[in-house]
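# Working through the structure, step by step
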Amino acid sequence: MSSTKRKSETGITRFSKRIRGLAPEGAYPYTQTSYLPLEVKRIILEDSTKSDLKLVRLVSKDWCLAAVPLLFDRIYISPRKHDLDVFSDIIDHPVLCQAPRSLIWDAAYFLPRNNRKDYMQRLLDEARLIHRRKFDDPSTPYQNFINACFDMKYGAEARDRVLSNYQHAAFVEEGFKVWQENAIFERSFCKNGHFYTALCNGLRKLDRLRSVVVTSNLWNLDSQDAHAEVLFCKTHGSGPPLLRSWDLSYARPFSIPGTYGSAQDFRLISRALAETAVEIRDFSFYEDPYTGGLTLSEIRSPAEVSQLSEQGYFAYRNLTSFNIKFCVSTEEVFDYTVKLFPYLLSQMQHLKQLCIDIDEVGPMEKSVRMQCHDHRIILPSTAVWSYLTDLRLTGATFGGWDFVMFLTNRIPRLQHLQIHDIDLIDWSWDGVFEGLNLGPRELWSISLPCEARYLRHYNGQPYPRGPDYVWDDTEDEDEEIERFFEKMEYYVIHGGRHPNLPPEAPSSRSARYLEPYLTMEEDDEVERKIARYKKAWSIPADSNIGREEKRLALGA
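Residues numbered from 1 in each chain as written. Predicted model: local features only at pLDDT ≥ 70, side-chain atom pairs only at ≥ 80, totals over all residues. Heavy atoms only, no water.

### Some remarks on the overall build of the chain
- Per the secondary structure count, the chain includes 22 helices and 13 strands.
- The buried share of the chain, taken over its 556 residues, is 47%.
- For the chain, the share of sequence-separated contacts (at least 6 apart) that also reach a separation of at least 24 residues comes to 74%.
- Here the chain displays about 28300 Å² of accessible surface, and carbon together with sulfur accounts for 51% of that area. (Helix = DSSP H or I, 4+ residues; strand = E, 2+ residues; numbered from the N terminus. Buried < 20%, exposed > 50% of the residue type's maximum accessible area, 1.4 Å probe, protein only. Contact = heavy atoms within 4.5 Å. Areas by Shrake-Rupley, 256 points an atom, 1.4 Å probe, with all protein chains shown as cover.)

### Digging into the packing of aromatic side chains
- Scanning the entire structure with this criterion turns up 32 aromatic pairs.
- Arranged with centres 5.7 Å apart and planes meeting at 65°, the rings of Tyr-119 and Phe-176 form a pair that is edge-to-face. With Tyr-119 in helix H6 (residues 116–130) and Phe-176 in helix H9 (residues 170–191), this pair connects stretches of sequence that are 57 residues apart.
- On the basis of relative accessible area, Tyr-119 is assigned to the buried category, the value being 0%.
- When the ring of Phe-398 is compared with that of Phe-403, the centres are 4.6 Å apart and the planes differ by 40°; the resulting orientation is tilted. Here Phe-398 matches Phe-403 in class, with each residue buried.
- Here a set of aromatic residues connected by ring pairs shows up, and it is made of Trp-385, Phe-398, Phe-403, Phe-406, Trp-429, Phe-433, Tyr-463, Phe-484 and Phe-485. (Phe/Tyr/Trp six-rings, centres within 6.5 Å; stacked < 30°, edge-to-face > 60°.)

### Focus on the pairing of strand E5 (residues 321–328)
- Along E5, eight of the eight residues are buried, which leaves the element largely enclosed by surrounding structure.
- Judged by which residues are buried, E5 turns out to be covered on both faces: Ser-321, Asn-323, Lys-325 and Cys-327 on one side and Phe-322, Ile-324, Phe-326 and Val-328 on the other are all buried.
- Bridge count between strand E4 (residues 282–285) and E5: four bridges; the pairing is parallel. Its bridge partner lying in E5, Ser-284 is registered against Asn-323.
- Two strands pair when backbone bridges link them, and E5 and strand E6 (residues 353–360) are joined in this way by eight bridges, in the parallel orientation. The partner of Phe-322 across the bridge, within E6, is Leu-354. (Pairing = 2+ DSSP bridges.)

### Observations regarding a negative patch on the surface
- Residues Asp-478, Glu-479, Glu-482 and Glu-486 make up a contiguous surface patch of negative charge.
- Position of Glu-486 among the secondary structure elements: in helix H20 (residues 477–494). (Patch = residues over 30% accessible without salt bridge, like charges linked within 9 Å, V, L, I, M, F, W, Y side chains within 5 Å. Salt bridge = Lys/Arg side-chain N within 4 Å of Asp/Glu carboxyl O. Lys, Arg positive; Asp, Glu negative; His and termini not counted. Charge placed at Lys NZ, Arg CZ, Asp CG, Glu CD.)

### Remarks on the packing of helix H18 (residues 400–408) against helix H19 (residues 429–438)
- Between H18 and H19, the shortest axis-to-axis distance is 9 Å and the interhelical angle comes to 20°. In terms of orientation, H18 lies roughly parallel with respect to H19. Judged by the sense of rotation from one axis to the other, the crossing of H18 with H19 is right-handed. Contacts from Gly-400, Phe-403, Val-404, Leu-407 and Thr-408 in H18 reach Trp-429, Val-432, Gly-435 and Leu-436 in H19. (Axes fitted to C-alpha atoms, helices over the stretch in contact; angles between N-to-C directions. Parallel < 35°, antiparallel > 145°, perpendicular 65-115°, else oblique. Left-handed = near helix turned anticlockwise from the far one by under 90°.)

### Focus: the sheet that holds strand E1 (residues 74–77)
- Strand order in the open sheet formed by nine strands is E1-E2-E3-E4-E5-E6-E7-E9-E11, and the pairing between neighbours is parallel. Looking at strand neighbours, the two that pair on one side only are E1 and strand E11 (445–447), the edges of this open sheet. Geometrically, the sheet is characterised by an average inter-axis angle of 10° between neighbouring strands, direction not taken into account.
- Across the sheet, helix H5 (residues 81–91) is in contact with E1 and strand E2 (102–106); its angle to E1 comes to roughly 135°.

### Some points on the sheet that holds strand E13 (residues 461–462)
- Ordered by their spatial adjacency, four strands build an open sheet running E8-E10-E12-E13, and the pairing between neighbours is mixed. The open sheet has two edge strands with one neighbour each: strand E8 (397–398) and E13.
- Judged from the two bridges that link them, E8 and strand E10 (residues 422–424) form a sheet pairing that is parallel. Within E10, the position partnered with Thr-397 by the bridge is Asp-423.
- Across the sheet, H19 lies against E10 and strand E12 (455–457), angled at about 110° from E12, the strand it touches most.

### Looking at the pattern of salt bridges
- All chains considered together, the criterion is met by 22 salt bridges.
- The salt bridge partner of Arg-116 is Glu-173, with a shortest N-O separation of 3.1 Å. Note that Arg-116 is positioned in helix H6 and Glu-173 in helix H9, a separation of 57 residues in sequence.
- The exposure class assigned to Arg-116 is partly exposed, which follows from its relative accessible area of 24%.
- Residue classification places Glu-173 among the partly exposed residues on the basis of a relative accessible area of 33%.
- Arg-376 is the partner of Asp-374 in a salt bridge, and the nearest nitrogen-oxygen pair spans 2.6 Å.
- The exposed category is assigned to Arg-376, whose relative accessible area is 55%.
- It is possible to trace a salt-bridge network through shared partners that takes in Glu-360, Arg-369, Asp-421, Asp-423 and Arg-456.

### What about a nonpolar patch on the surface?
- Residues Leu-36, Val-40 and Ile-44 make up a contiguous nonpolar surface patch of roughly 220 Å² in combined accessible area.
- Secondary-structure assignment places Val-40 in helix H2 (residues 38–45).
- By relative accessible area, Val-40 is classed as partly exposed at 34%.

### A look at the nonpolar core
- By size, the foremost hydrophobic cluster in this structure holds 139 residues, and its most contacted members are Phe-145, Phe-283, Phe-341 and Phe-433.
- For Phe-433, the contacting residues outside a window of four places in its chain are Ile-419, Ile-446, Leu-448, Leu-455, Tyr-463, Met-488, Tyr-491 and Val-492. (Core = buried A, V, L, I, M, F, W, Y, C linked by side-chain atoms within 4.5 Å.)

### Quick look at the side chain of Glu-434
- Position of Glu-434 among the secondary structure elements: in helix H19.
- A polar side-chain atom of Glu-434 sits 2.4 Å from a polar atom in the side chain of Tyr-491. (Polar contact = N/O pair within 3.5 Å; in protein donor to acceptor, adjacent residues only side chain to side chain.)

### Describing the confidence of the model for the chain
- When pLDDT is averaged along the chain, the result is 80, and 78% of the positions lie at 70 or above.
- Here residues 4–12 scores under 50 on pLDDT; set against residues more than four positions off or in separate chains, the count is three contacts.
- Contacts from residues 14–33, a stretch scored under 50 in pLDDT, to residues over four places away or in other chains number 22 contacts. (pLDDT = per-residue confidence, 0-100.)

### Concerning the environment of Glu-489
- Within the secondary structure layout, Glu-489 lies in helix H20.
- Apart from residues no more than four positions distant in its own chain, Glu-489 is found in contact with Ile-446, Ser-447 and Leu-448.

### Digging into the packing of helix H10 (residues 194–205) against helix H13 (residues 262–276)
- Running from N to C, H10 and H13 point in directions that differ by 45°, and their axes come no closer than 10 Å. As the angle between them shows, H10 and H13 are arranged oblique. Crossing handedness for the pair H10 and H13: right-handed. Of H13, the residues touching H10 (which contributes Phe-195, Tyr-196, Leu-199, Cys-200, Leu-203 and Arg-204) are Leu-268, Ile-269, Arg-271, Ala-272, Leu-273, Glu-275 and Thr-276.
- Grouping the constituent residues of the contact of H10 with H13 by class yields nine nonpolar, one polar and three charged. (Nonpolar A, V, L, I, M, F, W, Y, C, P; charged D, E, K, R; others polar.)

Structure below.
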């Protein structure tokens, strides 16, 4: 045996013994130490990549036992053959089926392409997102195609020229064939009910499952650094099996708003969860920033709403986390449809986290948007969530006082609040923030958007602009507004002086923002109450008091 081979084997042995908890080899004879507890091993491995965990499984049975729950903590399913084969292998394995805690449904679809040109347009759109720059020394037709995409000028003529030059290339022929095969398989597999059967079979066998995620964003390339995401997926083994093995020269499936059957996906997962009686704790449906959501207008009959209500009750009543995105349009939403999600949410009495996002398909007029984004389409009018601590709302329309009452009375333990792209049909945001300042006693944090256009009041005017306050039109306005929102976040939690008060106004004037929904005294009476409170508690007259002191002084 050569010396090089002996050194290599010695190094492997030393590494193997070291990772198993044994003393490293050296000049002194080693003594075997006690094995690390399983919990400690999992803490050591929890930040490891999938590729590293695969190597750790080969060290010993003990380390394999520690790595398996981390390596298979998420399991993916989709109506595609490669993903289904891996899914079946895991759920049929007596050990691996105990590992997954989260089931992720890849809801991006290979829509049938009419011709090769449509497929190539898809491929061309992705080219410059996946690759950061041109190839210095292209050696394959695909690399030449990428360079041609970077050199291509804007315009239909230049685009058609690139498409015609490469339409018969081998990577286009092969990729188009793979696309069509996946499209045909997934459509027939769903149409024949085989996908529903596979989904139910998996839910029954995954005993430790606690989370279900339905998303179409796994293949998405609309991020700022798509190249880094593709590279991470390839290197670290993240994502569905088909995505990890996908050839970069092939076009990817669609994950754009309104692509394919969001309501159909919701019906299917609700029915499967109800039939299998799996008690999941976390559910997320199309909760992606770049893709579409559940379109309510696709639910078109009272019978369907009744069926979904019954199935959803058994599927979601024990949830502690519910994340969902809706995609509204100008199509009519019927009265019976409006009753579906208010009913389902009212039954989720164990919720601790709730995320609601309302987006739209295409531009809308202001009046139409106010109507389509009405919170009463989604949120119940009387339900109280006693355990809810984290709330994120995006894209909803509220009445000002209704919003304050919703946050303070119906979510009594609210601790963390995120709001974005919210419209007030009456009142102003100053009144809402004053109400929150005097309202929830357990609120720890509030997150506001950094741009004025994502909070609107006074019939669509961006906050903090409005009748009471006008910002100077300067280059530094965006930074000034961002600092203003930071001050407002601090004020809602800690109290002090309202950030939107004019410099000459007394601090007590902020209580008047609650009009006309509260009966308050005149300004001088408010000031006298606060002055008496300061005197009684020996607080300096010129100091600002916190929200608890203000509440006590005003008798709130």
